[in-house]
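# Survey of secondary and tertiary structure
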Amino acid sequence: MSSPTSRTTVGPVTRRARITLLAVLSAAAAGCARDAPQDTWQPAGPNAQKIQNLQYPVFLIAGVVGLIVFATVGYVVWRYRDRGQAIPEQTHGKPALEIGLTILPALILIGIAIPTVGTLMALDKTSDTECVINVTGQQWWWEVDYPVQDGCGGVSGVIVTSGQMVIPVGTPVLVRGTSRDVIHSWWIPRLNGKRDMVPGRVQTNRLQADEPGIYAGQCTEFCGLSHANMRMEVIAMFPDDFEAWKANQLEEYTPPEPDTLAAEGEAQFISQCSRCHQVNGLEDADGNPIVSRPDLYEYAGAAPNLTNLMTRNTFAGASFNLLIPQCYPQVWDAPPDTVGQEYLKGVTPECLNSVELREWLRNAPQKKPMYADPTKLEPTDGLYRGMPFLALSEDQIDQLVAYLLERQ
């Protein structure tokens, strides 16, 4: 018969073992996602392939070492477990074994360090880039702008967008990044490693996609309340599709037809939104261009440019879809040879996710956590972080949705 002491110790040990097993199984299951758009093990560009070539043998070596360590520890724990015997004689150990087990890890680390340094130097190379794109992080979205240049097939006018970067496939792109508030981190796993974007500095990163597609990414530096909602995507398309995208972005502003719901929405946009959000070509009643001044209202000093909002299929830091679930796969699941054409269609009225967009206009801070009340923060000189609650009526929301739908 077991003693009372043995009965009281077996229970907790068994529970701990079950909890440990459950944690291990849960971690293993978490790594078995079928749909993993940010999978670092599926490189889609030369830079990501360099990382894959380095990480694969390192993980293999680490896995073998881990199995040996776990097996050794498990055997020792089982073989020399306490059976009530006397404590064995304590000795100094085996110097040869101790020295050997010190040298062996050092040799492994040296063997890993040499290719690691070489890979880092190769990843840092940007001299062969042919296209320059600026990205700027702020709480909690990414601004993307294309300066006038000969690269990217030639950009005749500045293009400013947000959340989604469009690049020509097979072209090495130089991403020049910084931040307007806190440290953010730009990371498109299938195209390259992460790069911190630091206020007051310009960091560079090289992107190149082997084939057309949509490559998802996310800010990887904790940057505040909605850090997890600060996402981005790179859309790689054939050069001809990229030329069509640039031409559309640089088209002149077309106002809504008079006496329409969209025309009423334009007036609402001017009175409610144009203080922070820019729409290129928008004019007031006297024909004067309307230039937004987000620096007077936003802590970061910027707000997304909405000139061509419906040419991208996400909004609010790429956190929400502008496409309804029925239309979403037409773009995201499109084969490489048609993904560019599908993306260029933009958001059509029948595919508009008006539910998400209306919820955002109705109460943005409730939709996406933001520091929208400056009175509840450390001093910000009365400026907002994120989009504030505007208390729009349902009629005003209808008008704004109709107007924004024409921003193609």
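These lines cover the structure that appears in this document, whether it is placed above or below. This is a predicted model, so every value here is computed, not measured.

In this section: the environment of Val 175. Structurally, the position occupied by Val 175 is in strand 5 (residues 173–179). The exposure class of Val 175 is buried, given its relative accessible area of 0%. In sequence terms Val 175 and Val 144 are 31 residues apart; their C-alpha atoms lie 9.6 Å from each other.

Here we come to the state of the cysteines. A full pass over the atoms with the stated rule returns two disulfides. Disulfide partner of Cys 131: Cys 152, at an S-S distance of 1.6 Å. As the torsion about the S-S bond is roughly 70 degrees, the Cys 131-Cys 152 disulfide counts as right-handed. Of this pair, Cys 131 sits in strand 1 (residues 131–138) while Cys 152 sits in the loop between strand 2 (141–146) and strand 3 (159–162), and the two are 21 residues apart along the sequence.

The next point concerns the sheet that holds strand 10 (residues 231–237). A sheet is described by the order of its strands in space; here three strands give the open sequence 4-10-9, paired in mixed fashion. Each edge of the open sheet is held by one strand with a lone partner, namely strand 4 (164–168) and strand 9 (213–218). On average, adjacent strands in this sheet sit at an angle of 20 degrees to one another, irrespective of strand direction. Inspection of the sheet shows strand 4 paired to strand 10 by five bridges, in the parallel sense.

To continue, consider the side chain of Asn 308. Examined against the element boundaries, Asn 308 turns out to sit in the loop between helix 5 (261–272) and strand 11 (314–315). With sequence-adjacent residues up to four places away left out, Asn 308 is seen in contact with Asn 248, Gln 249, Arg 407 and Gln 408.

Turning our eyes to something else, we now look at the sheet that holds strand 8 (residues 203–207). In space, the five strands of this open sheet follow the order 3-2-1-5-8, with mixed pairing throughout. Edge strands, defined here as strands with exactly one partner in the open sheet, are strand 3 and strand 8. Neighbouring strand axes in the sheet, compared pairwise and without regard to direction, differ in orientation by 25 degrees on average. Where strand 1 lies against strand 5, seven bridges are found, and the strand directions are parallel. Note on strand 5: the bridge partner recorded for Gly 137 is Ser 179.

All right, on to the pairing of strand 2 then. With six of its six residues buried, strand 2 lies for the most part within the structure. Here strand 2 shows no split at all, with Trp 141, Glu 143 and Asp 145 on one side and Trp 142, Val 144 and Tyr 146 on the other all buried. Here strand 1 pairs with strand 2 via five bridges, running antiparallel. Paired with Asn 134 across the strands is Asp 145, a residue of strand 2. The hairpin turn running from strand 1 into strand 2, its antiparallel successor, is two residues long. In the sheet, strand 2 pairs with strand 3 via four bridges, with the strands oriented antiparallel. Within the sheet, the bridge partner assigned to Asp 145 lies in strand 3 and is Val 160.

Criteria and cut-off values
Residues numbered from 1 in each chain as written. Predicted model: local features only at pLDDT ≥ 70, side-chain atom pairs only at ≥ 80, totals over all residues. Heavy atoms only, no water. Helix = DSSP H or I, 4+ residues; strand = E, 2+ residues; numbered from the N terminus. Buried < 20%, exposed > 50% of the residue type's maximum accessible area, 1.4 Å probe, protein only. Disulfide = S-S within 2.5 Å. Pairing = 2+ DSSP bridges. Axes fitted to C-alpha atoms, helices over the stretch in contact; angles between N-to-C directions. Contact = heavy atoms within 4.5 Å.

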